[in-house]
Structures are given as C-alpha cells and as structure tokens.
Amino acid sequence: MALGMSEGRSMEPRYDPHDVEERWQRTWEEEGLYDAEPDPSRAPYVDCHPPPNVTGRLHTGHALNLAVGDTLIRWKRMEGCNVLFQPGFDHAGISTQNVVEKALLAEGTSRQELGRDAFVERVWAWLHDYGGKILDDFRRIGASLDYRRSRMTMDEGYSRAVMQFFVHLHGRGWIYRANRIINWCPYHETSLSDLELEHEDTDDTLSMIRYPLADGEGHIAIATVRPATIPADVAVAVHPDDERYKHLVGREVIVPWVERRVPVIADERVEREFGTGALKITPAHDPTDFEIGRDHGLPEPSCIGPDGLVTAEGLEGLTQDEAGRRILDWCRERDLLEQREHYRHSVAFCERCHSRIEPLISLQWWCSMDEIKQRPLEALRSGEIRYHPESQHRFAIDSLENAPDWCISRQIWWGHQIPAWYCPDGHVTVQLEEPAACAECGAKELTRETDVLDTWFSSALWPFATLGWPEQTPELEQFYPGHVSTTARDIIRLWENRMIFSGLELLGEKPFSDVVIHPTVLAPDGRRMSKSLGTGIDAFEVLNRFGADATRYGLLKNSLTQDVRFSYAAIEEGGKLSNKLWNAARLIVKACEGAAPAERPSTLEERWILARLSQAQRAIEGYLGEFDFAHTMDELYHVTFDDFCDWYLEAVKARLYDADADARATATAALERLLKLLHPAMPHVTEEIWSFLPGRESRLIVAPWPEPGDAAEAGALERVQGYAQVFRRSGVVPQLDSDEQRIFDAVVKPDRAPQRENGNVEAERERLRGEVARSEKMLGNERFVQNAPAEVVAAEREKLERYRRELDAIGG
C-alpha cells in the first residue's frame, strides 16, 4: 500500500475539514479499507445497520445513527476484527411508487394506463437515474460501510429470500387471509403500517345526537366527530358501571337517517368521561368499535369506500363533510341534534400525501404473532439479546408480548408480489414458483394475487438475506449471527423485533446480541423535527458548515438521554476540538523533525501523559462497551483539549524545540496513541494528521488499537492542576517542588498574569474553608447521600477532596 499521501505537503496553518474529509473518504474506499471478506482467522464483528428508504436523503437521525454505528465499527476494525458494516436500501414500496406516479402524472399519464409490468419497469428506470443517492450522503458523514456489497430488498436474490420466508410461514400455518380493520389511505388506496402515519392535533366539532328508544320511551344521546359514519352504526355501547345508562342495556334504539333498530350493549372499553358517555358502534370505521363489535358478534356494514367517499344510500359519492352536513340537517329537523361543541383531538394522516387515514375493514394477508414471538421473547427475557438503554429493553418485550397480528399485504404494484394463486373455485395455492395447476383441485386456470408484501416484511430478513440466504454462502457462515444493531426507538416493533423472530425462526440463531437505541433528535426548541412545522434541521447545511468530524462528535456528545434537542454548540465544540488537535499535532510534527515514535519518558509530564492516555483508553473502552457515546466524547475532549494540548504540550514544548531526542520520540508516540483513541469518532482529522507522522506502515483506519499501558501515574499532576485553579481564581502562587514548579510555570505562566504579586492568601483560605464546610455538611446529611443520584453524591465527594487539596496547597 502506498502511504505517501503527505509527501510533498506540509501541515497547513489552518485545518480545512472539507478538503480533508472528501479526500480521505475517497482514499479509504479506493484502497479497499472498508471491504469485508470471509476470513475465518479473524473474529467477525457485524453492525446490522438499518437500510434507508431508497428514495430518501440524509437527515439528522441518519447522521446520529451512522455516527453511533461507525464509531463501533472503526473501533472493532482497529481491534483486529473482521468487520462488516452492510450498506443498502429497502425498496420503500409506497414512497417509491408515489414518487414515480407523480412523475407520470406530470407527463399526462398514469400507472393504470401503463399497466403493471410496464409500471414496474418504469420504477426500475427511475431508480437507476435517481434512487440510492443516500449512500453518497452516508459517505459524506464518513460511514465506513462496505459499499461494494450494497443491496436492495428488491434485488433478485433478496427477492427470492422474501418469497421463501412467505412460503415458510404459510407452511407453518402462521399466514392467513381475513377481513379485519386496517389503516387505509384513500389517496394511495392501500393499507398502511402505523409508522407510515403522522398524528396531528386537529380541530373538530363534537356533535351530540339523540338516538330514540325503539319503544318510544325517551332517547340516549351519543357524541361523535364523524356524523358521516352514522349509517354504518350497529349498536350503542355504554360502560357497565355507568348508573346513567344501566337501565337501557338490552333495549333497542333507532339509528338516525337509516332508521335502523340496534341494541344498547355494555362494554368496559367505553370511556364514561368522553362526550355523553354513550358510544355509537361503527365496526367498519373505528378500531375500538371493530374490537367491540367482534366481541359482541355485531354485523359490520360499511358506508365509506376505498376512495374515502360515502357509499350509504342517499349519500352516494359525497365527501364525508358533505354527507355529515346532510345527516346533521336531517337530525336538526327532527330535534335529534342536542348540541355541538369544539373538540381538539389527535388524527392520523398519511405521511406521504397527508390524506386523513380511514379505518376500514379490508380483506388482507396477515401473519399470526402468537407462536412466532415466543422464541424472541425468551431471548429478550433471558438477556440473550439486550436493548440499550434498559427502558427500551422493557419496551421491546412489552411490544412483543402485546404484538397484534401483522398485516403484511399492500394494495400497490411496486414490491414483492405475494406468491399465491387462486383457481376459479377459490382455492389458494402458495409456493415459490408459479404452479401449473391448483394444488387442491388441479384446475389449470390460475390468477395470481395482486397485492404485494409490506416493505417491513422484506426488511425483517436484512441480517441474513444480504449474506445470500437461503443459500449457505461463505459470507453467511462468517457474518451471521451478527453483533449489534443501531437504530431509533420508533422502529423497535416494526424492524428490530421482526429481525429477531425472523432470524430465530429461519436460521435458529439470533441475528445480533445487542440493540442500541440512539436518541430521538428534536428541534432546538424541543419540538419534533418536521418540514411542515418548519422545525427541521438540514443535515447538509450542518455538514457544509462544520464538517463530518465535528458533526459526528456533536451528535454523539449530545446523546446522553433518549430525547435530545439538536445542539449547534456541541457540534461547534467538535470543530474546536479538531482545530486544537490540528494545531497541537502541527507543532509536534514541525518541532520533532521526523523523530520516530518511541515511548522514552524521562520527566513527570511525559510519564503523566502516557499514564493519562492509558487511563482514558480504559475509560473509552468501558464506555463504548456499554454503548455510552456521550461520556466517550467527554473523555476524548478532556484528554485531548485539557491534558494533551493545554498541559502536556505546553510543559514539554521547550524540550522539543531544544532537539531533545527522547522528548521528540515520546511526543510523537503520545500523539500516535491519542490519534488512535480519537479515530473511531473523528476519523478524518486523525487520519490526515497520521499521514504526516514518520514511518507509517498502514492507514490509521486499520492501525492496531493501542495495547493498554500503565495508568499508575495518571493522577501525577492533580496537585499542580489544583494549584493552577487556585492561582487563576485568586492570584495566590503556591509553593511546589522543582518538577511541579517547572510544569506550573510553563503551563500557567504566572509571570504573565495580571496579578503579579501574590494574591490575597487569607481570603482564598477563608473561601476554601467555607466550601469544605458546606460540602462536609451536605455529605453528612444521610437523606442527601441516600436519595440523591449516585453520580451527584460522587461529584460532591470529588469536590470536597479538591477543596481540601487546594486548601492544603496554600497552608490552610
């Protein structure tokens, strides 16, 4: 490998991240340093990165997820593991079809005019020209994915795996067809998953309408925001403990407009506090009503069609608003409209077209969850697979325990067409290849199912279908099972849990051991990021302004909790750290004049920095092992900015300029070790600096992770650093031994400080005595020690020790 990238160049006075990042992203990939090949001699490490939407572009959530995953991958690569960071896309059935249909509409045609086969060809052509741009975005953030291995869930081999999965589950008796209520988009005319919905608070009007008792002895009033669905009412439900209505249970009422007799029933799912406390039951158009209706054996008439228009007699073809007004007018004329009032509630909309979602009963394909979820539940409960943090582990178990049957069919053309064929007698044949005849009756006239599978059905196979399953390939043998999956909490149910049960069912092994749920990044004001709300952050604007390393650092530094506000300050801190590191490295490179790295410490500051780097390494390894990226960044910042640059380099600088061979060799070695610690999180600036160091035998990306050193002297400068704080605060000059005094003078430079005379020693003693007394009192309070968070108590103890050291330093 030619490593002469820095030949003929010198380190520029100012670090420019954009030129450096683009150059190294290209170099790493061209030199095959991202490549993953089967190699039984090395331990594998696999990050199951979620495949993005093939039509999508980078956003801040992607950037954080990639920063998390790539930091782990780069660390494990340096540890010598055979890493696989698998790139690719899901085919994004509805999104992609929607984009192409819009293009056809602009051309004056439609998918219906083209026909199914021609439309699918048109989608492939569009993807060839416009799809998959997001992988270039991933390169910009520095993600070291093996881009050669990019897969899409509609690739030929992957598609065969999807068909195999469907046939397998059908053979197990876990896939069935049934009429059940689903989320229906009237614009795309397809079922949708919960993730494809946006819930918005919407202003509506709540109408209280009287339903007369069939025996003429009064009425019961219901409350509804959807009067257009009244023609499909089949009952009125009340809570069994509601004293207002107990005497009405079992009697009949008359539904307005259709004037149909329906029963009054009792059900605990009725919310007594909502409206009048009486609920009209419309099983075909409300999920709760559907469940109540099924439990009570009620009929399921519909009054809204797939296009969202009303189908009830006398209202055919009207919008729901138009039909609702007619029904309310009818009720008003008959003195059945009791009152109307403003009502604000959450309503589901299609995330793509923003049509209001219709709950409709529809004949769909379903996957039963009762049996398939049992093995993953065992793995989660036993800790064989763990979600991080613990709160998300509990959520993953709960969501799997309560998982409803999965609607796996979609009424679109772009996707995996379900491998089911129907004969004229209604028999269904399910198999991989097109059958010659009906498996049940032998009929030759077969029609294939037109529905396609939910995109998430294919994404569930990602950890192993990308490796060649169902074939037993060398890649599958080497890289399955994997190790970690990193993602956001909103797809725990939709993707993570499904990958787990798919892997356990089809291969008999878990797909990974750990699932890292990174934070949801909110807008700076705490609202969710949304283009429609104007609260989105443009990831490209951030990258263009700060560069990839600073962006990665800032997102990771700000990842302490599960909901975090986007912080420009954290990213700016990453930029400052890059610049500080660059300037320090430039000083060493110029001053050391090509000195080969070797740890030959002869002074206190040299022994200290090597011990401090070893201590930081141990801390970083511990944090990364626990997937704690915020504290990893904090440790990297302090060991780089404070310890290496501000203390060590200032103390040793004179010896470097004096051509001290041991000092130069040690400084280069210390810098080399620091670059290795920083590289997983901030790969570009560290690789660029690495290229200027002498005797490079490999790129930093594949350089070995440092061997742990001796950290015994990591606290050797605590006294000097404590005295520096005293001096900077009070002007009091401490008395130190010769080595400590030399370091103090070199770093603090008391002779240049405004307070040249020794400061007010007695005032500083009194201040410190007060701090000691305050801290001792707090730590002596048993309620504080027992009830305060452990880290708060530990921090207070650390402060007390520091106050005592500082007081001792000035003879207090």
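Criteria and thresholds
- Residues numbered from 1 in each chain as written.
- Predicted model: local features only at pLDDT ≥ 70, side-chain atom pairs only at ≥ 80, totals over all residues.
- Heavy atoms only, no water.
- 1 Å grid on protein atoms, 1.4 Å probe; cavity = no way out; pocket = protein on both sides within 12 Å on 5 of 7 lines; lining within 4 Å.
- Points joined across faces, edges and corners; volume = space filled by probe spheres on them.
- Helix = DSSP H or I, 4+ residues; strand = E, 2+ residues; numbered from the N terminus.
- Axes fitted to C-alpha atoms, helices over the stretch in contact; angles between N-to-C directions.
- Contact = heavy atoms within 4.5 Å.
- Nonpolar A, V, L, I, M, F, W, Y, C, P; charged D, E, K, R; others polar.
- Pairing = 2+ DSSP bridges.
- Buried < 20%, exposed > 50% of the residue type's maximum accessible area, 1.4 Å probe, protein only.
- Arc of directions from axis to C-beta.
- Core = buried A, V, L, I, M, F, W, Y, C linked by side-chain atoms within 4.5 Å.
- Parallel < 35°, antiparallel > 145°, perpendicular 65-115°, else oblique.
- Phe/Tyr/Trp six-rings, centres within 6.5 Å; stacked < 30°, edge-to-face > 60°.

**Focus on the layout of surface pockets**
A probe matching the size of a water molecule, rolled over the atoms, marks out where space remains unfilled. Of the volumes computed, that of the second largest pocket is approximately 1400 Å³. In this structure, the second largest pocket is lined by 48 residues; those nearest its centre are Val 225, Arg 226, Asp 286, His 345 and Arg 356. Sorting the residues of the lining of the second largest pocket by element identifies strand S7 (197-212), strand S8 (219-224), strand S12 (278-281), helix H8 (287-296), helix H9 (320-333), strand S13 (337-350) and strand S14 (358-367) as the ones contributing at least two each. Tallying contributions element by element places S13 first for the lining of the second largest pocket, with 6 residues.

**Thoughts on the packing of helix H16 (residues 539-546) against helix H17 (residues 548-557)**
Close contact between H16 and H17 brings their axes to 7 Å; oriented N to C, the two are set at 120°. Contacts between H16 and H17 pair Val 542, Leu 543 and Phe 546 from the former with Ala 548, Ala 550 and Thr 551 from the latter. Looking at the contact of H16 with H17, its residues break down into 5 nonpolar, 1 polar and no charged.

**Let's talk about the sheet that holds strand S18 (residues 420-422)**
Taking strand neighbours across the sheet as the criterion, the 3 strands line up as S19-S18-S20 in an open arrangement whose pairing is antiparallel. For this open sheet the edge positions go to strand S19 (428-430) and strand S20 (447-448), each flanked by a neighbour on one side alone. Inspection of the sheet shows S18 paired to S19 by 3 bridges, in the antiparallel sense. By the bridge assignment, Trp 421 is partnered in S19 with Thr 429.

**Quick notes on helix H24 (residues 738-748)**
Glu 740, Gln 741, Ile 743, Phe 744, Val 747 and Val 748 are the residues of H24 that are buried. Within H24, the buried residues cover an arc of 165° as seen down the axis, which keeps them to one side. Looking at the buried residues of H24, the elements they touch are helix H19 (604-625), helix H20 (629-657) and helix H23 (718-730). Of the residues flanking the end of H24, it is Lys 749, one or two places downstream, whose phi is positive at about 50°.

**Describing empty space enclosed by the protein**
Within the structure shown, the criterion is met by 5 cavities of 30 Å³ or more. Residue composition of the lining of the largest cavity, grouped by class: 12 nonpolar, 4 polar and no charged. Leu 58, Thr 60, Ala 63, Ile 141, Ala 539, Val 542, Leu 543, Thr 551, Leu 555, Phe 566 and Ile 571 are the residues that line the second largest cavity. Sorting the residues of the lining of the second largest cavity by element identifies helix H2 (60-78), H16 and H17 as the ones contributing at least two each.

**Some thoughts on the nonpolar core**
Residues Phe 138, Phe 644, Trp 647, Leu 656, Leu 671 and Ile 689 are the most contacted members of the largest nonpolar core, which totals 120 residues. In terms of residues, this core owes the most to one element, H20, which gives 14 residues. With sequence-adjacent residues up to four places away left out, Ile 689 is seen in contact with Met 11, Leu 581, Trp 582, Ala 585, Leu 671 and Leu 675. Counting residues in each nonpolar core, the second largest holds 56 residues, with Leu 169, Leu 400, Ala 420 and Ile 517 among its members.

**A word on the sheet that holds S14**
Read across the sheet, 4 strands follow the order S6-S5-S14-S16 without closing on themselves; strand pairing throughout is antiparallel. Only two strands of the sheet have a single partner each, and these edge strands are strand S6 (190-192) and strand S16 (406-407).

**Focus: the packing of H2 against H17**
How two helices sit against one another is set out by the angle between their axes and by the gap between those axes. Closest axis-to-axis distance for the H2/H17 pair is 9 Å, and the angle between their directions is 95°. With respect to their mutual orientation, H2 and H17 come out roughly perpendicular. Contacts between H2 and H17 involve Thr 60, Ala 63, Leu 64, Ala 67, Val 68, Asp 70, Thr 71 and Arg 74 from the former and Arg 552, Leu 555 and Leu 556 from the latter. Among the residues making up the contact of H2 with H17, the classes are represented as 6 nonpolar, 2 polar and 3 charged.

**What to know about the pairing of S14**
Where burial is concerned, most of S14 is hidden: 8 out of the 10 residues are buried. As paired strands, strand S5 (residues 175-185) and S14 are joined by 10 bridges and run antiparallel to one another. If you follow Tyr 176 over to S14, its bridge partner there is Trp 366. Pairing of S14 with S16 involves 2 bridges; the strand directions are antiparallel. Bridge pairing links Trp 366 to Cys 407 in S16.

**Remarks on the packing of aromatic side chains**
Aromatic ring pairs are reported here in terms of the distance separating the ring centres and the angle at which the planes meet. Under the defined criterion, the tally for this structure stands at 24 aromatic pairs. Here Phe 566 and Tyr 568 contribute two aromatic rings whose centre-to-centre distance is 4.9 Å and whose plane-to-plane angle is 80°, an arrangement assigned as edge-to-face. Residue Phe 566 is classed as buried on the basis of its relative accessible area of 6%. Here Tyr 568 falls in the partly exposed class, since its relative accessible area comes to 26%. On the basis of an interplanar angle of 80° and a centroid distance of 6.0 Å, the ring pair of Phe 727 and Phe 744 is categorised as edge-to-face. Separated by 17 residues along the polypeptide, Phe 727 in helix H23 and Phe 744 in helix H24 bring together distant segments of the chain. For the pair Phe 727 and Phe 744, one class covers both residues: buried.

**Here's the deal with unusual backbone geometry**
For the peptide bond that leads from His 388 to Pro 389, omega is 5°, which places it in the cis range. Note that Pro 389 resides in the loop between strand S15 (386-388) and helix H11 (390-401). With an omega of 0°, the peptide bond between Tyr 480 and Pro 481 qualifies as cis. Phi is positive for Glu 189, close to 50°, though the residue is something other than glycine. Tracing the backbone shows Glu 189 in the loop between S5 and S6. Even without being a glycine, Trp 257 presents a positive backbone phi close to 70°. Tracing the sequence through the fold places Trp 257 in the loop between strand S10 (252-255) and strand S11 (260-266).

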